[in-house]
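# Results of the structural survey
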Amino acid sequence: MTSILVRRGPRSQLRYPILAAAATLLWFGFASAPASATPQIGEAASPLVVTAFDGTTFDLAKLRGMVVLVNYWATWCARCRKEMPKLDAFYRHYHDRGLEIIGISIDFPRDYEKMRKAARSVTYPTAAAKDISDDGFGKPGGVPITWIIDADGKVRDRMIDVRDELLNGIVVPLLPH
């Protein structure tokens, strides 16, 4: 393991940003997560089983025949909060046509109440990453990130910014007609 040398003087101001970056890397698992932990576009989706805030179990393997969006978010992420209403409107419009969404918060457990409050603003299932029991997806490299899984269980794409043209151009054509 590499140690950080702390010096006195003008360079010592770099200590805290370096420590913060190191903590972030450890949190997201860059230092220890195998490269294969993230879903691979064009491959079968990895297992994902998580208990949602409402107590139901979301099991990706049991959703064959549906198009599924797996969205990782956090309460401190402004882009995440901005795209949640867009995902919710899309879910309400297309859920009856075979769309499912799960929102998974990567917030720390101490922010559980913030997560639940944000989750109440949407109608699709939401969960905390700490409640994942089978995680073939691994920790996301950042948020927001949304994985698109087709009805056959294959990872079709990922979005780091949910926009209407992406939802309409990538997800809608995957839905049953």
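Remember, it's a predicted structure, so these values are computed and weren't measured experimentally. (Residues numbered from 1 in each chain as written. Predicted model: local features only at pLDDT ≥ 70, side-chain atom pairs only at ≥ 80, totals over all residues. Heavy atoms only, no water.)

Scanning the chain from terminus to terminus reveals four helices and seven strands. Across the chain, helices and strands are ordered from the amino to the carboxyl terminus as α-β-β-β-α-β-α-β-β-β-α. In the chain, which comprises 177 residues, the share counted as buried stands at 42%. Here the contacts in the chain between residues at least 6 apart in sequence split such that 73% fall between residues at least 24 apart. (Helix = DSSP H or I, 4+ residues; strand = E, 2+ residues; numbered from the N terminus. Buried < 20%, exposed > 50% of the residue type's maximum accessible area, 1.4 Å probe, protein only. Contact = heavy atoms within 4.5 Å.)

Turning to the state of the cysteines, a few remarks are in order. Under the definition given, this model contains one disulfide. Paired through a disulfide, C77 and C80 show a sulfur-sulfur distance of 2.4 Å. A torsion of 80° about the S-S bond marks the disulfide between C77 and C80 as right-handed. The same class applies to C77 and to C80, which are both buried. (Disulfide = S-S within 2.5 Å.)

For the rest of this paragraph, the subject is the side chain of S105. Considering the arrangement of structural elements, one finds S105 in strand β4 (residues 99–105). Judged by its relative accessible area of 0%, S105 is buried. Setting aside anything within four residues of it in sequence, one finds S105 in contact with W73, A74, M115, A127, A128 and A129.

Turning our attention to unusual backbone geometry. Outside of glycine, negative phi angles account for most residues, and trans bonds account for most peptide bonds. Going from V143 to P144, the amide bond is cis rather than trans, its omega being -5°. Locating P144 in the fold gives a position in the loop between β5 (126–135) and β6 (145–149).

A word on the packing of helix α2 (residues 78–94) against helix α4 (residues 164–171). Two elements in contact, α2 and α4, have axes separated by 11 Å at closest approach and are oriented at 35°. By crossing handedness, the relation of α2 to α4 is classed as right-handed. In contact with K86, F90 and Y94 of α2, α4 contributes D164, L167, N168 and V171. Considering only residue class, the contact of α2 with α4 consists of four nonpolar, one polar and two charged. (Axes fitted to C-alpha atoms, helices over the stretch in contact; angles between N-to-C directions. Left-handed = near helix turned anticlockwise from the far one by under 90°. Nonpolar A, V, L, I, M, F, W, Y, C, P; charged D, E, K, R; others polar.)

Strands sit in the order β2-β1-β5-β4-β3-β6-β7 across an open sheet of seven strands; the sheet is mixed. With one partner strand each, in any of the chains shown, β2 (57–59) and β7 (155–159) form the two edges of the open sheet. Shown here is a sheet whose adjacent strand axes are inclined to one another by a mean of 30°, direction ignored. With four bridges joining them, β6 and β7 adopt antiparallel strand pairing. Bridging from a neighbouring strand, I149 pairs with V155 of β7. Lying over the sheet, α4 contacts β3 (67–73), β4, β6 and β7, oriented at roughly 175° with respect to β7. (Pairing = 2+ DSSP bridges.)

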